[in-house]
Amino acid sequence: MANPLDLWKGSNRWMSSPFREMSRYQESIDRLMNEIMNLRREEGSLSGDFTPSCEVNEDEKNYIMKFDLPGIKKDQVKVEVDNDRLTVRAERKEEREEKTKKKYLSEISYGSYVRTFTLPQTIDEKKVEAKFEDGVLIINVPKSESPKAKQISIH
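Bear in mind that the values here come from a model prediction, so they are computed numbers and not experimental data.

> Help me understand the overall build of the protein, please; the structure alone is not making it clear to me.
Along its length, the protein carries three helices and seven strands. Going from the N terminus to the C terminus, the protein shows its helices and strands as α-α-α-β-β-β-β-β-β-β. Per-residue burial for the protein yields a buried fraction of 17% across its 155 residues. For the protein, contacts bridging at least 24 residues in sequence account for 57% of all contacts bridging at least 6. Taken as a whole, the protein presents about 13,200 Å² of accessible surface, with 49% of it coming from carbon and sulfur.

> Which parts of the structure should I look at to understand the sheet that holds strand 4 (residues 85-92)?
Pairing between the strands of a sheet comes from backbone hydrogen bonds, and it takes one of two forms, parallel or antiparallel. Read from one edge to the other, the open sheet built from three strands follows the order 3-4-5, with strand pairing classed as antiparallel. Each having just a single partner strand, strand 3 (77-82) and strand 5 (111-118) make up the two edges of the open sheet. For this sheet, the mean inter-axis angle between neighbouring strands, taken without regard to orientation, is 10 degrees. In terms of strand pairing, strand 3 meets strand 4 through six bridges, oriented antiparallel.

> Looking at this structure, how should I read the side chain of R92?
By the secondary structure assignment, R92 is in strand 4. Separated by 2.5 Å, the side chain of R92 and the backbone oxygen of P70 make a polar contact. Residues within four places of R92 in sequence aside, it is in contact with F50, P70, I72, I108, S109, Y110 and G111.

> I would appreciate a short explanation of a nonpolar patch on the surface in the present structure.
Residues Y25, I29 and M33 make up a contiguous nonpolar surface patch of about 300 Å² in total accessible area. Secondary-structure assignment places I29 in helix 3 (residues 18-43).

> Explain unusual backbone geometry here, please?
Among all residues except glycine, the phi angle is most often negative; among peptide bonds, the trans geometry is most common. The phi angle at D134 is positive, at roughly 55 degrees, despite the residue not being glycine. Here D134 shows up in the loop between strand 6 (129-133) and strand 7 (136-142).

> Is there a simple way to think about the sheet that holds strand 6 in this case?
Read from one edge of the open sheet, four strands run 1-2-7-6, paired in antiparallel fashion. Bordering the open sheet on either side are strand 1 (54-58) and strand 6, each of which pairs with just one other strand. With direction set aside, neighbouring strand axes in the sheet form an average angle of 15 degrees. Note that strand 6 and strand 7 share five bridges and pair antiparallel. Bridge pairing links E129 to N140 in strand 7.

> What exactly am I supposed to notice about the pairing of strand 4 here?
Where a strand is regular, its side chains alternate between the two sheet faces. In textbook terms, the turn of a hairpin is the stretch between consecutive antiparallel strands, and for strand 3 and strand 4 this stretch comprises two residues, one of which, N83, has a positive phi near 55 degrees. In this structure, strand 4 lies alongside strand 5, joined through eight bridges in antiparallel fashion. Counterpart to R89 in the pairing with strand 5 is V114.

> Mind showing me how you'd approach the packing of aromatic side chains here?
The geometry of two aromatic rings is summed up by the distance between their centres and the angle between their planes. According to the stated counting rule, one finds one aromatic pair in the structure shown. Geometrically, the ring pair formed by F67 and F117 is edge-to-face, given 5.9 Å between the ring centres and 70 degrees between the ring planes. Of this pair, F67 sits in strand 2 (residues 62-68) while F117 sits in strand 5, and the two are 50 residues apart along the sequence. Neither F67 nor F117 differs from the other in exposure class; each is buried. When the ring centre of Y63 is taken as origin, the NZ or CZ atom of K143, which lies over that ring, is 5.1 Å away.

> Would you explain the pattern of salt bridges in this entry?
Pairing between side chains of opposite charge can happen when the charged atoms of each approach one another. Considering all chains together, one arrives at two salt bridges under this definition. When the shortest N-O distance is used, the salt bridge between E58 and K143 registers 2.5 Å. With E58 in strand 1 and K143 in the segment after strand 7, this pair connects stretches of sequence that are 85 residues apart. In this structure K143 comes out as buried when scored by relative accessible area, which is 17%. Of the charged contacts in the structure, one is a salt bridge between E80 and R89, with a shortest N-O distance of 3.7 Å.

Conventions adopted
- All residue numbers here refer to positions counted from 1 along the written sequence of the relevant chain.
- With pLDDT at 70 or above as the cut-off, local features in this predicted model cover only qualifying residues; side-chain atom pairs require 80 or more to be listed or tallied, and sums for whole chains, interfaces and linings still use all residues.
- Calculated side-chain values reflect all of the structure's heavy atoms, with hydrogen atoms and water omitted.
- Helix and strand assignments follow DSSP, with helices taken as H or I runs no shorter than four residues and strands as E runs no shorter than two, numbered in order from the N terminus.
- Type-normalised accessible area, obtained with a 1.4 Å probe on protein chains alone, sets the label of each residue: buried when under 20%, exposed when over 50%, and partly exposed for intermediate values.
- Residue contacts are defined here by distance: any two heavy atoms, one from each residue, within 4.5 Å place the two residues in contact.
- All accessible-area figures derive from a Shrake-Rupley calculation using a 1.4 Å probe, and residue coverage is judged against the displayed protein chains alone.
- Any two strands with at least two DSSP bridges between them are considered paired.
- With axes taken as lines fitted to C-alpha atoms, and helix axes fitted only over the stretch in contact, angles between N-to-C directions fall between 0 and 180 degrees.
- For the purposes of these results, a polar contact is taken to be a pair of N or O atoms within 3.5 Å, where, inside protein, one atom must be able to donate a hydrogen and its partner to accept one; residues adjacent in sequence count only when each atom of the pair is a side-chain atom.
- Patch members must show over 30% relative accessible area and no salt bridge, and they are joined within 9 Å when carrying like charges or within 5 Å when they are nonpolar side chains of Val, Leu, Ile, Met, Phe, Trp or Tyr.
- Think of a salt bridge as a Lys or Arg side-chain nitrogen and an Asp or Glu carboxyl oxygen that are within 4 Å of each other.
- For Phe, Tyr and Trp, where Trp contributes only its six-membered ring, two rings pair if their centres lie within 6.5 Å, and the inter-plane angle classes them as stacked under 30 degrees, edge-to-face over 60, or tilted in between.
- Sitting over a ring, as applied to charges here, requires NZ of Lys or CZ of Arg to be within 6 Å of the ring centre and within 35 degrees of the ring normal.

Shown next as structure tokens:
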């Protein structure tokens, strides 16, 4: 008489390797997702998140802000100041390649970037300076003198 355990294993082969079946299923889902993502990139309907690195420092008289914007041209950057708010806008556009070229890897993010900073004290809007050199935007934001508290005499 045959061993019942051997009969059970023989009739339920998929039970003997469930992890192998799950792995095959995951691979097919991965292939499908990669195809979908590549189609969207080719159509230009998908853009990555473009988030430049930023650094903000302060000294006695100024706020100094630095933004890493590699691959961005000076005319693609806008800086606006409104009272105690400073807004930086930039856009990195993906260059269209010939249809005969295949893209195998892209780790460069494309898209629009907008960031607004609310500064902790009033600034002198007229003296804000921005300099763009070698893919780095440096903004010097002078602090304005805050009005001194005025003593009111009581009559």
